[in-house]
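An overview of the molecular structure
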Amino acid sequence: MNFTELGLAEPILRAVREEGYENPTPIQAQAIPAVLKGGDLMAGAQTGTGKTAGFTLPLLHRLAADKPARDARGRVAIRALILTPTRELAAQVEESVRTYGKYLPLTSMVMFGGVGMQPQIDRLRKGVDILVATPGRLLDHHQQGTLDLSHVQVFVLDEADRMLDMGFIHDIKKVLAIVPAKKQSLLFSATFSDDIKALADRLLNQPSLIEVARRNATAETIAQRVIMTGRERKKELLAQLIREGDWRSTAPTAWPSTSRRKVFQPWRSTATRARVRAPRRSASSKPARCRCWWPPTLPRGGSTSTNCRTS
Ligand code: AMP
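Residues numbered from 1 in each chain as written. Predicted model: local features only at pLDDT ≥ 70, side-chain atom pairs only at ≥ 80, totals over all residues. Heavy atoms only, no water.

**Here we look at the overall build of the chain**
Assigned secondary structure in the chain consists of 11 helices and 10 strands. Here the chain holds 311 residues, and the buried ones make up 43% of them. Contacts in the chain between residues at least 24 apart in sequence constitute 70% of all its contacts with a sequence separation of at least 6. Accessible surface for the chain amounts to roughly 17,500 Å². Of this, 49% is attributable to carbon and sulfur atoms. (Helix = DSSP H or I, 4+ residues; strand = E, 2+ residues; numbered from the N terminus. Buried < 20%, exposed > 50% of the residue type's maximum accessible area, 1.4 Å probe, protein only. Contact = heavy atoms within 4.5 Å. Areas by Shrake-Rupley, 256 points an atom, 1.4 Å probe, with all protein chains shown as cover.)

**Quick word on the site of the ligand**
All residues in the neighbourhood of the ligand are listed as F3, Y21, N23, P24, T25, Q28, T47, G48, T49, G50, K51 and T52. One of the backbone N or O atoms of G48 is found 2.7 Å from an oxygen atom in the ligand. The side chain of T52 places a nitrogen or oxygen atom 2.6 Å from an oxygen atom of the ligand. Tallied by class, the residues present in the shell around the ligand amount to 3 nonpolar, 8 polar and 1 charged. (Near = heavy atom within 4 Å. Polar contact = N/O pair within 3.5 Å; in protein donor to acceptor, adjacent residues only side chain to side chain. Nonpolar A, V, L, I, M, F, W, Y, C, P; charged D, E, K, R; others polar.)

**Topic: the packing of aromatic side chains**
Applying the stated rule across the entire model yields 2 aromatic pairs. Directly above the ring of Y103 sits R14, whose terminal nitrogen or CZ lies 4.3 Å from the centroid. (Phe/Tyr/Trp six-rings, centres within 6.5 Å; stacked < 30°, edge-to-face > 60°. Lys NZ or Arg CZ within 6 Å of the ring centre and 35° of its normal.)

**What to know about the nonpolar core**
Among the nonpolar cores identified, the biggest contains 38 residues, and L41, L57 and I82 are the most heavily contacted of them. Setting aside residues up to four positions removed in sequence, L57 forms contacts with F3, L8, I12, V16, I32 and Y100. In this structure, M42, I78, L124 and A200 belong to the second largest nonpolar core, which totals 31 residues. (Core = buried A, V, L, I, M, F, W, Y, C linked by side-chain atoms within 4.5 Å.)

**Here we look at the pattern of salt bridges**
In total, this model carries 11 salt bridges according to the counting rule given. In this structure, R125 engages D122 in a salt bridge whose closest nitrogen and oxygen atoms are separated by 3.8 Å. Of this pair, R125 and D122 both sit in helix 5 (residues 118-126), separated by 3 residues, roughly a single helical turn. For D122, a relative accessible area of 35% translates into the label partly exposed. One connected set of salt bridges, linked through shared partners, spans K51, D158, E159 and R162. (Salt bridge = Lys/Arg side-chain N within 4 Å of Asp/Glu carboxyl O.)

**A closer look at helix 10 (residues 234-245)**
A rise of 1.5 Å per residue sets the reference length of helix 10, with its 12 residues, at 16 Å; its end C-alpha atoms lie 16 Å apart and thus fit the reference within 8%. Restricting attention to buried positions, one finds in helix 10 the residues L237, Q240 and L241. One side of helix 10 carries all its buried residues, which in axial view fall inside an arc of 100°. More than 90 degrees from the buried face of helix 10, the exposed residues found are K235 and R243. Of the residues flanking the end of helix 10, it is D246, one or two places downstream, whose phi is positive at about 50°. (Expected span 1.5 Å × (residues − 1). Arc of directions from axis to C-beta.)

**Thoughts on the packing of helix 2 (residues 26-37) against helix 3 (residues 51-65)**
It is the contact of helix 2 with helix 3, at a shortest axis distance of 8 Å, that shows an interaxial angle of 25°. What the angle tells us is that helix 2 and helix 3 run roughly parallel. As helix 2 runs across helix 3, the sense of the crossing is right-handed. Seen from helix 2, the contacting residues are I27, Q28, A31, I32, V35 and L36; seen from helix 3, they are K51, A53, G54, L57, P58, L59, H61 and R62. (Axes fitted to C-alpha atoms, helices over the stretch in contact; angles between N-to-C directions. Parallel < 35°, antiparallel > 145°, perpendicular 65-115°, else oblique. Left-handed = near helix turned anticlockwise from the far one by under 90°.)

**Observations regarding the confidence of the model for the chain**
Mean pLDDT over the chain works out to 84, with 79% of the residues at or above the 70 mark. Residue range residues 256-286 is modelled with pLDDT below 50. Its contacts to residues more than four positions away, or to other chains, number 44 contacts. (pLDDT = per-residue confidence, 0-100.)

**Section: unusual backbone geometry**
Even without being a glycine, Q206 presents a positive backbone phi close to 40°. Summarising the element assignment, Q206 is placed in the loop between helix 9 (194-203) and strand 7 (208-211). Phi is positive for D246, which is not a glycine, with a value near 50°. The topology assignment puts D246 in the loop between helix 10 and helix 11 (258-261).

**As for the pairing of strand 1 (residues 41-44)**
Across the two faces of strand 1 the burial is the same, with L41 and A43 and M42 and G44 all buried. Where strand 1 and strand 6 (residues 184-189) come together, 4 bridges link them in parallel fashion. Looking at strand 6, one finds that L41 is bridged to L186. Pairing of strand 1 with strand 7 involves 4 bridges; the strand directions are parallel. (Pairing = 2+ DSSP bridges.)

**Remarks on helix 3**
Along its 15 residues, helix 3 runs 22 Å from first to last C-alpha, staying within 8% of the 21 Å computed at 1.5 Å per residue. With 11 of 15 residues buried, helix 3 is to be regarded as a mostly interior element. Within helix 3, the full set of buried residues consists of K51, T52, A53, G54, F55, T56, L57, P58, L59, L60 and L63.

**A look at the environment of S185**
Within the element layout of this structure, S185 appears in strand 6. Judged by relative accessible area, which is 1%, S185 ranks as buried. As a C-alpha pair, S185 and G38 span 147 residues in sequence and 9.2 Å in three-dimensional space. If sequence neighbours within four positions are ignored, S185 has contacts with D40, L41, F155, L203 and L204.

Quick look at the structure:
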């Protein structure tokens, strides 16, 4: 399958070609026809699968095929709303919208908190077809009366599982209450917990269901262990682990970038990560996952073994 067979408009195909994409990824091959048909969609896909183009390309196609909506003052009104959990993702998604839509007469805007509201208000006043937003700031604008969502035709909830993890469920419910009931809704999530299913029941109407294999999923036979230690003891710890485990091959990695290191800041420590091949388990038993400290906080009999408790 190639992009032309998916029935996307020529200006979109041109932008996709310029990005160097030759063939649709599995999520795109399934999601694009489903969204073009106009129905709701529940898609299981995580970052790295090409999911953003999976909803953005057909969304652009559908909006470009219709005339712009106009609000009471004659301004271009928002027809597509994409909600994301973080400002970084919002910015990325809006950049994709601009990249894939660069040959279309559609406008987009990104909206998130932590920055001034006035520039966002000024931008909204100029008229926007596609709004990519985080829930908190979106609701701030709604409360202030600076945002009109009454013309939304397509609503996308991206990384819905992450949104719930971050405690956005109440905000999502509030957003659902202010967008029109009649719309096309697309829900993307890396996992399908009961909470996600409950949200999907509320949001989606007879959705198409798509799930693609998780990229970089951890193998069931690999046990993962995180050992927290001070930066100065990392080499010593690694040497001990190799000795104790009689590891024949190891692949130590360093995380050089500041932004990545931030992931570990809540623990105020650096972490040495080690993946250890565990004995084969039965298909039903889960591999061990645990977090522990080194040296142990309560050394037993002077032993310096890591005090790893399997959870
Ligand atoms: P996403 O999962 O949406 O975050 O996309 C992950 C990366 O895949 C992005 O850098 C995209 O530019 C790239 N990508 C998306 N679709 C394709 C495709 N069909 N072929 C090659 N790369 C793609």
